[in-house]
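# Geometric and topological summary
So the chains spell out like this:
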Amino acid sequence: MQTDIDPRSLIGRKAYDRDGHKIGTVDEVYLDDATGEPEWAAVRTGLFGRDAFVPLEPSEVVDEALHVPYERALIKDAPDFGVGRHLSPEQELQLYRHYGLDLPGPAAPSPPDRDFGSLSDGDG
């Protein structure tokens, strides 16, 4: 994802899959507590839907929308952890595996108490 984008500015943007199908609206952005870098976005997948976590890398912002390079079905099948809480290291690992992403390398070790905070348009 472009590093010059404020993660808070992603909230409320439409999100699209790799084929250009709308998957929903960005509800929250999750930051790595150790680095402060945006890692995941929770995308509200419908009016009564749930939030699906999507990786912000290798996603990109194009024409004011978040474009996620995965199929809609894979995104909607992502593990459901709810929103508004920290992602545990185990939950993050499940997301990495779900999307077939390489795990963070040894250059960025994960301390046992590492977790992910979130930004939302509510109290946060």
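As a starting point, this report considers the structure included with it. (Residues numbered from 1 in each chain as written. Predicted model: local features only at pLDDT ≥ 70, side-chain atom pairs only at ≥ 80, totals over all residues. Heavy atoms only, no water.)

### Focus on the overall build of the protein
Short version of the rule: Helix and strand assignments follow DSSP, with helices taken as H or I runs no shorter than four residues and strands as E runs no shorter than two, numbered in order from the N terminus. Burial classes: relative accessible area under 20% of the type maximum marks a residue as buried, over 50% as exposed, and values in between as partly exposed (1.4 Å probe, protein chains only). For this analysis, residues touch if any pair of their heavy atoms sits within 4.5 Å.
Assigned secondary structure in the protein consists of 2 helices and 7 strands. Going residue by residue from the N terminus, the α and β elements of the protein occur as β-β-β-β-β-β-α-α-β. Sorting the 124 residues of the protein into buried and exposed places 39% on the buried side. For the protein, the share of sequence-separated contacts (at least 6 apart) that also reach a separation of at least 24 residues comes to 53%.

### Description of the side chain of D32
Applicable threshold: Here a polar contact means two N or O atoms within 3.5 Å. Within protein one must be a hydrogen donor candidate and the other an acceptor candidate, and residues neighboring in sequence count only if both atoms are side-chain atoms.
Locating D32 in the fold gives a position in strand β2 (residues 22–32). Side-chain polar atoms of D32 contact the backbone nitrogen of A34, separated by 2.7 Å.

### Quick look at the packing of aromatic side chains
Under the convention used in this document: Geometry of aromatic contacts follows a simple scheme: Phe, Tyr and Trp rings, the Trp one being its six-membered ring, pair when their centres are within 6.5 Å, and the pair is stacked under 30 degrees between planes, edge-to-face over 60, tilted otherwise.
Inspection of every chain in the model, using the stated rule, returns 5 aromatic pairs. Relative to F81, the ring of F53 lies with its centre 6.0 Å away and its plane at 50°, an arrangement referred to as tilted. Remark: F81 occurs in the loop between α1 (72–76) and α2 (89–99) and F53 occurs in strand β4 (residues 51–55); sequence separation between them is 28 residues. Each member of the pair F53 and F81 is classed as buried. Ring pairing ties together the aromatic residues W40, Y70, Y96 and Y99, which thus form one cluster.

### Overview of the nonpolar core
Note the following rule: Buried Ala, Val, Leu, Ile, Met, Phe, Trp, Tyr and Cys residues that are joined via side-chain atoms within 4.5 Å together make up what is termed a nonpolar core.
Core analysis: the largest hydrophobic core is formed by 28 residues, its most contacted members being W40, F53, V54, L66, I75 and Y99. For this core, the secondary-structure elements that each account for two or more residues are β2, β3 (38–44), β4 and α2. Sorting elements by how many residues they give to this core places β2 first, with 5 residues.

Keep in mind these numbers describe shape, not what the thing actually does.
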